[in-house]
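Single-letter residue listing:
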Amino acid sequence: MLFSGARRSCALSPIYTVHRICNVTVSHSNMPSADARKDFVVATTGNYFGIQSSDSVLNEVYASKELNIFLDDGNSSVLAAKYDIHQGQKTINLSNHVEPSDTAEKVLVFFKLQPEAITPDNLHQNVFVSSMLASPVNTLYHSVQKVFAPLLLKDEKWSRNFDPKLQSLLSELEAGLGSVVRKQDSSASRAANVGDEGNVGGF
């Protein structure tokens, strides 16, 4: 009866609860922790990197010291996750800060809006999830350009309560970041062309 009840919950519950309850009923090595906070982080990490929920590599997240620090220590504000496959060996590397070397990789970042321990009650109010692609500048630029600038500069609800000086600064930030990103793209394109020419000359 308990098993069938869990299956009914999977069919009727919201997406997050579906993941947590369905995993409880599946027999594999990556069993849930019975900790809603950890289940959220593991599910989000698995979904972002395209990892099956049954993959044992997710056990690394459940058992991670860095995850426990992030959840339980109010002074720990960041949890960064990287997924790597080397010679067929899968690993998920967690850190309580974003490493400079991470900027060239695909990184998933959890961070707190308030400096407090995470509980099942404040989980969805206090944990912000973001990804970082290519570089911090690139990620920030596209976030500002596609999300925050349109909301804060053009949306009637938000723009009318947003200080005009801050609106001007936001516009300047968007323009400045865009200039840096275009220069980076241009430099990368030139470097790629030089590499192609070198390869042709080697024939």
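Here, every reference points to the structure presented above.
Report follows, based on the coordinates. Only a predicted model underlies this, so the values are computations on that prediction, with no experimental measurement involved. (Residues numbered from 1 in each chain as written. Predicted model: local features only at pLDDT ≥ 70, side-chain atom pairs only at ≥ 80, totals over all residues. Heavy atoms only, no water.)

Aromatic ring pairs are defined here through the distance separating the ring centres and the angle between the ring planes. For the structure on display, the rule yields four aromatic pairs. Geometrically, the ring pair formed by Phe40 and Phe110 is edge-to-face, given 6.4 Å between the ring centres and 75 degrees between the ring planes. One end of the pair, Phe40, is in helix H3 (residues 36-49); the other, Phe110, is in strand E3 (residues 107-112), with 70 residues separating them in the sequence. You'll find Phe40 and Phe110 in the same group, each marked buried. Ring centres of Tyr48 and Phe49 lie 4.9 Å apart, and the angle between their planes is 75 degrees; on these two criteria the pair is classed as edge-to-face. A relative accessible area of 12% places Phe49 in the buried class. Among the aromatic residues, those joined into a ring-pair cluster are Tyr48, Phe49 and Tyr83. Directly above the aromatic system of Tyr48 lies the positively charged group of Lys106, at a separation of 4.8 Å from the ring centroid. (Phe/Tyr/Trp six-rings, centres within 6.5 Å; stacked < 30°, edge-to-face > 60°. Helix = DSSP H or I, 4+ residues; strand = E, 2+ residues; numbered from the N terminus. Buried < 20%, exposed > 50% of the residue type's maximum accessible area, 1.4 Å probe, protein only. Lys NZ or Arg CZ within 6 Å of the ring centre and 35° of its normal.)

Attention now goes to the pattern of salt bridges. With the rule as written, the count across this model stands at three salt bridges. For Asp72, the salt bridge goes to Arg37, with nearest N and O atoms at 2.8 Å. With Asp72 in helix H5 (residues 65-72) and Arg37 in helix H3, this pair connects stretches of sequence that are 35 residues apart. Take Arg37: its relative accessible area is 11%, and that puts it in the buried class. Note that Asp55 and Lys90 form a salt bridge whose closest N and O atoms lie 2.7 Å from each other. Of this pair, Asp55 sits in the loop between H3 and helix H4 (59-62) while Lys90 sits in strand E2 (residues 89-95), and the two are 35 residues apart along the sequence. On the basis of relative accessibility, which here comes to 33%, the residue Lys90 falls in the partly exposed class. (Salt bridge = Lys/Arg side-chain N within 4 Å of Asp/Glu carboxyl O.)

On to the packing of H3 against H5, then. Two numbers describe how H3 lies on H5: the axes approach to 11 Å, and their chain directions differ by 125 degrees. As summarised for this structure, H3 and H5 are arranged oblique, according to the angle between their axes. The way H3 lies across H5 gives a crossing that is right-handed. Touching Arg37, Lys38 and Val41 of H3 are Leu67, Asn68, Leu71 and Asp72, all from H5. When the residues that make up the contact of H3 with H5 are grouped by side-chain class, the tally is three nonpolar, one polar and three charged. (Axes fitted to C-alpha atoms, helices over the stretch in contact; angles between N-to-C directions. Parallel < 35°, antiparallel > 145°, perpendicular 65-115°, else oblique. Left-handed = near helix turned anticlockwise from the far one by under 90°. Contact = heavy atoms within 4.5 Å. Nonpolar A, V, L, I, M, F, W, Y, C, P; charged D, E, K, R; others polar.)

The analysis is restricted to geometry; functional conclusions fall outside its scope.
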